[in-house]
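So the chains spell out like this:
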Amino acid sequence: MAKLTLSLSARQQVAEGTMSFAFDLGGQGFLFKPGQYLHVTLPNPLYQDDEGSTRSFSIASSPRDIFLLVATRMRGSAFKRSLAEMPLGIPVNINGPMGSFTLPQDATTPVVLIAGGIGITPFRSIVKNAAEQQLPHRLTLIYASRTPGEAPFLDDLYGWEKTNPNFRFVPTMTKLDASTKAWRGRKGYVDAAFLRDALAGLDRFIVYVAGPPGMVQGVAKALLEAGVPQDSIRTEEFDGY
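Counting starts from 1 at the beginning of each chain's written sequence and moves along it residue by residue. Since the coordinates come from a predicted model, pLDDT governs what is reported: local features require at least 70, and pairs of side-chain atoms require 80 or more to be given and counted, while whole-chain, interface and lining totals use all residues. Heavy atoms from the whole structure form the basis of all side-chain values; hydrogens and water molecules are not counted.

### A few points about the packing of helix H2 (residues 120–133) against helix H3 (residues 154–163)
Think of two packed helices as two axes; the pair is described by the angle between the axes and how far apart they sit.
Item 1. Whenever a helix is involved, its axis is fitted only over the stretch in contact; in every case the axis is a line through C-alpha atoms, and angles between N-to-C directions fall within 0 to 180 degrees. Going along the chain from the N terminus, every DSSP run of H or I of four or more residues is numbered as a helix, and every run of E of two or more is numbered as a strand. One way to put it is that H2 packs onto H3 with a least axis distance of 10 Å and a crossing angle of 30°. Classified by the angle their axes make, H2 and H3 are roughly parallel. Taken as a pair, H2 and H3 cross one another with a handedness that is left-handed. Packed against H2, whose contacting residues are Ile 120, Arg 124, Val 127, Lys 128 and Ala 131, the element H3 presents Asp 156, Leu 157, Trp 160 and Thr 163 at the interface. Each angle is binned into one of four classes, with values under 35 degrees roughly parallel, values over 145 roughly antiparallel, values of 65 to 115 roughly perpendicular, and all other values oblique. In this scheme the crossing of two helices becomes right-handed for a clockwise turn of the near helix relative to the far one and left-handed for an anticlockwise turn of less than a right angle. We call two residues in contact whenever any of their non-hydrogen atoms come within 4.5 Å of each other.

Here is the structure:
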């Protein structure tokens, strides 16, 4: 596990209510597997509250990037307000990587990734790396968001679907009545019927589910209803986002 001090090099609004933050590696080595996470600590935050100055974030960049990228819903906490308002170039402390929410080495079994909201971040890293490395893993990503405007990294994911023949992208929107953007893709929640349709043709696979706790629990239940064995399902909940 590495402990680095990096500078905040960029930030960007990547969706409604969601920002990404890049930390320049500056040539420093940081070995990680796509799907892992890290701790970010602000040594001198602008604001403070009882939640402290350290947060855990899934890594959204790939190992080939010269920066570490994270993204988060902006909920108004002291930490997130500080990160959003502090000048670029400030030092932050990085501790990691951690976690085992990563692709299996065995590429013979197809992998289904199911993300809700900001749960897309570890899967962005996985899908980007698979495209860059031309991995043999067969990936299907089901991505549920309320509206297209609230879905980070949609354009990235569509782009990687075009360049990686082993990657299939299945986005769906659940609250289009609240959307200001047109949408011609799938609509509705990821329930058992949705899963049976979206995964038709896959007779054996493993599933990774990431997102808010309620979404993760609901999708895990729907997977069981759709006939997916319990031991084929892995979950990671993103609480507090």
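### Examining the sheet that holds strand S10 (residues 186–187)
Strand pairing in a sheet relies on backbone hydrogen bonds. The paired strands run either parallel or antiparallel.
Item 1. Within the open sheet, the 6 strands sit side by side as S10-S9-S8-S7-S11-S12. Their pairing is parallel. Each edge of the sheet is formed by a strand with only one pairing partner; in this case those strands are S10 and strand S12 (233–237).
Item 2. On the sheet, helix H5 (residues 213–225) packs against strand S7 (111–116), strand S11 (206–211) and S12 and is oriented at approximately 155° with respect to S11. Here, strands pair whenever DSSP counts at least two bridges between them.

### Structural notes on the pairing of S12
Two faces make up the sheet, and in a regular strand the side chains alternate between them.
Item 1. Relative to S12, S11 runs parallel, the two sharing 5 bridges. When the sheet's bridge partners are listed, Ala 210 is paired in S12 with Glu 236.
Item 2. With respect to chirality, the unit in which S11 leads through H5 into the neighbouring parallel S12 is right-handed. Assignment of crossover handedness uses the view with strands pointing away from the viewer, where a clockwise path from the first strand over the helix to the second indicates a right-handed crossover.

### With respect to H5
Item 1. End to end, H5 covers 18 Å across 13 residues, agreeing with the expected 18 Å (1.5 Å per residue, within 8%).
Item 2. Burial here depends on accessible area, computed with a 1.4 Å probe over protein chains only, as a share of the maximum for the residue type. Under 20% is buried, over 50% is exposed, and the range in between is partly exposed. By the burial criterion, the buried members of H5 are Pro 213, Met 215, Val 216, Val 219, Ala 220, Ala 222 and Leu 223.
Item 3. Tucked inside the fold, the buried residues of H5 contact S7, helix H4 (192–198), S11 and S12.
Item 4. Gly 227, located one to two residues past H5, shows a positive phi value of around 95°. Take the number of residues in a helix, subtract one, and multiply by 1.5 Å to get its expected span.

### A closer look at H3
Item 1. Where H3 is concerned, the buried positions are Leu 154, Leu 157 and Trp 160. Each buried residue of H3 lies within a common arc of 130° when the element is viewed along its axis, so the set occupies one face. Among the exposed residues of H3, those pointing more than 90 degrees away from its buried face are Asp 155, Lys 162 and Thr 163.
Item 2. Those residues of H3 that are buried are in contact with H2, strand S8 (139–145) and strand S9 (167–173). Relevant arc is that of directions from the helix axis to the C-beta atoms, nothing else.

### What about the environment of Gly 227?
Item 1. Among the structural elements, Gly 227 can be located in the loop between H5 and S12.
Item 2. Each C-alpha atom, one on Gly 227 and one on Ala 192, is 8.7 Å from the other, the two residues being 35 residues apart in sequence.

### With respect to the packing of aromatic side chains
Item 1. Two rings belonging to Phe, Tyr or Trp (six-membered ring only in the last case) form a pair when the distance between their centres is within 6.5 Å. Interplanar angles under 30 degrees mark stacking, angles over 60 mark edge-to-face geometry, and anything in between is tilted. Scanning all chains against the criterion turns up 7 aromatic pairs.
Item 2. Judged by centre distance (6.0 Å) and plane angle (45°), the ring pair of Phe 30 and Phe 32 falls under tilted.
Item 3. On the basis of relative accessibility, which here comes to 8%, the residue Phe 30 falls in the buried class.
Item 4. Seen in terms of ring centroids, Tyr 158 and Phe 169 are 5.1 Å apart; in terms of plane orientation they differ by 75°. Their pairing is edge-to-face. Of the two residues, Tyr 158 is situated in helix H3 and Phe 169 in strand S9; the sequence distance between them amounts to 11 residues.
Item 5. Residue classification places Tyr 158 among the partly exposed positions, given a relative accessible area of 30%.
Item 6. Site record: aromatic cluster; members linked through ring pairs are Tyr 143, Tyr 158, Phe 167 and Phe 169.
Item 7. Whether a charge lies above a ring is judged from NZ of Lys or CZ of Arg, which has to be within 6 Å of the ring centre and within 35 degrees of the ring normal. The ring centre of Phe 153 lies 4.8 Å from the NZ or CZ of Arg 124, which sits over that ring.

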